Amino acid sequence: MLNPLQKRMLRRRIVQAVPVLLLATFSVFMLLKLLPGDVAITLAGENATTERIEEIRRINGLDRPLLVQYGQWALNAVQGDLSESLLSGEEVTTTLARVFPNTLFIVCYAILLSIVIGVPLGLLAAARSGGLADRLVMVGSSVGVALPNFWIAMILVVALALNRQIFPATGFVSPWQDLSGAIWYATLPAVALAASGVAEVSRQLRSSLVEVLGSQHFRTLHAKGLPFRSILWRHGLKNVSVNLLTVISLLVNRTLAATVVVEVVFAVPGMGNTIVNATLQRDFPVVQGAVLVMVLTVITVNLITDMLYSVLDPRISQR
Amino acid sequence: MSAPILDVQDLSIGFSGRRGQPALPIVRDVTFRIGRGERVGLVGESGCGKSVTGLSLMRLLPGTARIGGRITLDGVDMARASRNEVRRMRGKKIAMIFQEPMSALDPVFTVGEQIAEALRLHETLPRAEERARVIEALAEVGIPAPAKRHDEYPHQLSGGMRQRVMIAMALINRPDLIIADEPTTALDVTIQAQIMELLTRLSEETGTALLFITHDLGVVAETCQRMITMYAGEIVEDAPVDAALVSPLHPYTSGLLRSLPHFNKEKGRFAYIPGRVPAPLAMPEGCRFAPRCPHAVEVCGRPQELRFAGAERRVRCIRADELSLDGAVAEVPA
């Protein structure tokens, strides 16, 4: 399936990923330690003595130098052991396995919406470049980019979940158990996340399409007698597919980050909520594990994007 | 001449400016015909309106263009036909080859697919047969290993090869007329001759008429039967090539011919036409060439008609009869 060049690229990218992962987890670890507050105090409960807190620190290895603590964590992580939550004692891998699919589901849903709505809008705007439809789409996309997604999320909850009870306001159903229920519950979060995605996709698609539509090889297509819709859909889309792919891959990464806030609004048991709660409680193994998975996801998305470039555009050879 | 394949009457082209701005007239009073299988050269310097004229024949001008007059192609008025009608004519009746083969092909489709697409619009064939037809077309334009090239992308081909692909694409539906807009300008000199030879040969074999838009008079001399000279948006002369080369009737044609470095007798000096083309909004009322013309007299200040000078020649010069102008050659070698 992969040619030798692609295999070499894959190997190199995996090697490159190691320092990225180390750097990301290390900086998050250090930032957590900079925060005031201590998980040991929480664990010790109310009115605990100083000795009791010290003891808890010792038991959990929190009294050791920071570098040693990090080193121990990294060493275990390499072996697939992300240790346990300091608070609940649950294996971090178990937590992540439970919440990550939920986040992934919402992200995929949002990206799908961005593409399914954004691409036709971008095509429409480019086809009627300078016309009314074009201006409407462009104004709409400016608004979509400008509005913060958590605000859209709250407006959606008020409008579609509280005032008219079309969608549930909060909560989540796992797609593994009940797919239609999952879609039902994930719709509002996905729409909130997709607003800027639709705007981004349509805007970028329009501008790159307008450029290629005016190019010389598109004049050739007209001269051949091709109907405009096939010029637009077939040649237009394929010509801008590399740009579109770039936009979408950046969007996936941004949406992944944006779930942190949106999940809190909708009380979705996903990565975002997990990270927020763990951070508030200084439960660093959970934060570390979650960050590790997020960074891995971003690296994977980027890798897939790079591999797809050469499939979409024959001029890009795999170096 | 039997019924012409193309009959252009009083063609005028202007470009509308921004609101409040006057439209920019580019071409006016262009009338000419092309017979079936005829090869016609449309010459003139850059900006004289020859490319715009060529594009207008296929209705390929941008939306700001305003076209007047009639462009009758095989009974259909391309200036007024509906968009769908125009689309059906393109490829089937009239095709075009552009100047820049580097940028005229879609970079993300194989050349075979791009030719097949043109074929598919007018004929439905089984896949295998379609492929065979396209490979045959590639072979016809002299592309070696056509079956292999069929599946390659434009960036894998040289400039000359790409222009051959453009020619194959233009010819695949056997149109009645091909417009070639500076088809060799972007190519190496050695390739230029090959491409011109190919176009001439294919025109002879398939009976396709050719309109060469070029500023290369040598190309016209070698390949065309008739030469139409344009200056500042007007046709100034229309004559059989041999006659035009030996005894041009319009001082501008004569100037162009004498500007050919090749024919210059005096070494180290270039003959040229002094002055420059007037701007579209500052055209002289009379003969547009008069300000640069060595033979201009008072009467040239009056508007000039394109009038017949003999059965086969037309000229837009009031003094054509009294002047005896130099051509490029004293006589045409047999």
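This one's a predicted model, so the numbers in the text were calculated from it and none came from an experiment. Numbering of residues begins from 1 in every chain and follows the order in which that chain's sequence is written. Note on labels: chains are lettered from A, ligands numbered from 1, in written order. Reporting of local features is limited, given that this is a predicted model, to residues whose pLDDT is at least 70; pairs of side-chain atoms are given and counted only at 80 or more, and all residues count toward the totals for whole chains, interfaces and linings.

**Things to note about the overall build of chain B**
Item 1. Broken down by element type, chain B carries 11 helices and 12 strands.
Item 2. The globule rule used for comparison is 2.2 Å times the number of residues to the exponent 0.38, while the radius of gyration itself is calculated over C-alpha atoms. Relative to the compact-globule value of 20 Å for 334 residues, chain B shows a C-alpha radius of gyration of 21 Å, a close match.
Item 3. By principal-axis analysis of the C-alpha atoms, chain B measures approximately 70 × 50 × 40 Å.
Item 4. Neighbour counting defines burial: a residue surrounded by 20 or more other C-beta atoms within 10 Å of its own C-beta is buried, one with 12 or fewer is exposed, and intermediate counts give partly exposed, using backbone-placed C-beta atoms. Relative to its 334 residues, chain B shows a buried fraction of 44%.
Item 5. The long-range fraction of contacts in chain B, counting pairs at least 24 apart against all pairs at least 6 apart in sequence, stands at 65%. Comment: elements are numbered from the N terminus, with helices defined as DSSP H or I runs of at least four residues and strands as E runs of at least two. Once C-beta atoms are placed from the backbone, any two residues with those atoms within 7 Å are in contact.

**Regarding the interface of chain A and chain B**
Item 1. With 17 residues of chain A at the interface, the matching set in chain B holds 23 residues.
Item 2. Those elements that place two or more of their residues in the side of chain A that touches chain B are α9 (216-224) and α10 (228-266) of chain A.
Item 3. Of the residues forming the side of chain A that touches chain B, the biggest block, eight residues, is contributed by α9(A).
Item 4. Put simply, Ala, Val, Leu, Ile, Met, Phe, Trp, Tyr, Cys and Pro go in the nonpolar bin, Asp, Glu, Lys and Arg in the charged bin, and everything else, Gly too, in the polar bin. Along the lines of polarity and charge, the residues of the side of chain A that touches chain B split into five nonpolar, seven polar and five charged.

**Regarding α10(A)**
Item 1. With 39 residues, α10(A) extends just 44 Å between its outermost C-alpha atoms, more than 12% less than the 57 Å of an ideal straight helix rising 1.5 Å per residue.
Item 2. After α10(A) finishes, the residue A:Ala267 shows a positive phi value of roughly 50 degrees. Each helix should span, by expectation, one fewer than its residue count multiplied by 1.5 Å.

**A look at the sheet that holds strand β10 (residues 234-240) of chain B**
Residues and elements named next belong to chain B.
Item 1. The sheet built from eight strands is open, its strands ordered β6-β7-β8-β3-β9-β10-β12-β11 with mixed pairing. The open sheet terminates on both sides in strands that have one partner only, identified here as β6 (94-97) and β11 (307-308).
Item 2. When DSSP finds two or more bridges between two strands, those strands count as paired. One ladder, built from four bridges, connects strand β3 (residues 39-43) with strand β9 (residues 226-231); its direction is parallel. Looking at the pairing, valine 43 lines up with threonine 229 of β9.

**Describing the domain arrangement of chain B**
All names here are of chain B.
Item 1. All domain edges in this entry derive from an automatic or database-based domain assignment. Here chain B is partitioned into domain 1 (6-224) and domain 2 (250-315).
Item 2. The distance between the C-alpha centroids of domain 1 and domain 2 comes to 29 Å.
Item 3. Listed by partner, the interface residues are 10 residues for domain 1 and seven residues for domain 2.
Item 4. No other element matches strand β2 (residues 24-34), which puts five residues into the side of domain 1 that touches domain 2.
Item 5. In terms of residue class, the side of domain 1 that touches domain 2 is made up of six nonpolar, two polar and two charged.

**Comments concerning the packing of helix α4 (residues 111-120) of chain B against helix α7 (residues 159-171) of chain B**
Residues and elements named next belong to chain B.
Item 1. Between N-to-C directions, angles span 0 to 180 degrees; the directions come from axes that are lines fitted to C-alpha atoms, helices contributing only their stretch in contact. Interhelical geometry of α4 versus α7 gives an angle of 20 degrees and a closest axis separation of 8 Å. It follows from the interaxial angle that α4 and α7 lie roughly parallel. Here the hand of the crossing between α4 and α7 comes out right-handed. Along the contact surface, α4 presents Val111, Gln114, Ile115 and Ala118, while α7 presents Val165, Ala168 and Met169. An angle below 35 degrees is read as roughly parallel, one above 145 as roughly antiparallel, one from 65 to 115 as roughly perpendicular, and any other as oblique. Handedness of a helix crossing follows the sense of rotation of the near helix relative to the far helix, less than a right angle counterclockwise being left-handed and clockwise being right-handed.

**Topic: the UniProt feature "transmembrane region" (unreviewed entry) in chain A**
Residue and element names in this part refer to chain A.
Item 1. Sequence positions flagged by UniProt for "transmembrane region" (unreviewed entry) are, in local numbering, residues 14-32, 104-124, 136-162, 182-199, 242-266 and 286-309.
Item 2. This span, residues 104-124, is 100% helix and 0% strand, and a straight line between its end C-alpha atoms measures 30 Å.
Item 3. Secondary structure within residues 286-309 divides into 100% helix and 0% strand; the distance between the first and last C-alpha atoms comes to 35 Å. UniProt positions are given in the numbering used here, feature names are shortened, and annotations may be inferred rather than shown by experiment.

**Quick look at the environment of B:Pro146**
Residue and element names in this part refer to chain B.
Item 1. Mapping proline 146 onto the fold places it in helix α6 (residues 146-150).
Item 2. For proline 146, a count of 19 C-beta atoms within 10 Å translates into the label partly exposed.
Item 3. The spatial distance from the C-alpha of proline 146 to the C-alpha of glycine 112 is 9.2 Å, given a sequence separation of 34 residues.
Item 4. Ignoring any residue separated from it by four or fewer positions in sequence, one finds proline 146 in contact with Ile135, Leu138 and Ala139.

**Side note on the packing of helix α6 (residues 132-146) of chain A against helix α8 (residues 179-213) of chain A**
Residues and elements named next belong to chain A.
Item 1. Packing of α6 against α8 brings their axes to within 8 Å, and their N-to-C directions diverge by 135 degrees. Looking at the two axes, α6 sits oblique to α8. Helix-helix and strand crossings are classified by hand; for α6 and α8 the assignment is left-handed. The residues of α8 that touch α6, namely those facing Val137, Met138, Ser141, Gly144 and Val145, are Ala195, Ser196, Val198, Ala199, Glu200, Ser202, Arg203 and Arg206.
Item 2. Broken down by class, the residue content of the contact of α6 with α8 amounts to six nonpolar, four polar and three charged.

**Quick look at the domain arrangement of chain A**
Residues and elements named next belong to chain A.
Item 1. When its domains are assigned, chain A resolves into domain 1 (19-78) and domain 2 (92-312).
Item 2. Inter-centroid distance (C-alpha atoms) of domain 1 to domain 2 is 35 Å.
Item 3. Listed per partner, the contact involves 14 residues of domain 1 and 10 residues of domain 2.
Item 4. Of all elements in the fold, only α1 (4-34), α2 (39-44) and α4 (66-78) reach the threshold of two or more residues within the side of domain 1 that touches domain 2.
Item 5. In terms of residue count, α1 provides more of the side of domain 1 that touches domain 2 than any other element does, seven residues in total.
Item 6. Residue composition of the side of domain 1 that touches domain 2, by class: 10 nonpolar, three polar and one charged.

**Some points on the UniProt feature "domain: ABC transmembrane type-1" (unreviewed entry) in chain A**
Item 1. Sequence positions flagged by UniProt for "domain: ABC transmembrane type-1" (unreviewed entry) are, in local numbering, residues 100-305 of chain A.
Item 2. Across residues 100-305 of chain A one finds 84% helix and 0% strand; the C-alpha atoms that close the span lie 21 Å apart.

**A short note on the sheet that holds strand β5 (residues 76-77) of chain B**
Residue and element names in this part refer to chain B.
Item 1. A sheet is described by the order of its strands in space; here four strands give the open sequence β2-β1-β4-β5, paired in antiparallel fashion. In this open sheet, the two edge strands, each paired with only one partner strand, are β2 and β5.
Item 2. Examined bridge by bridge, strand β1 (residues 6-15) and β2 share seven bridges and lie antiparallel to one another. The residue bridging aspartate 7 from the neighbouring strand is arginine 33, located in β2.
Item 3. Of the strands in this sheet, β1, β2 and β4 (65-73) touch helix α1 (residues 50-57), which is tilted by about 115 degrees from β1.

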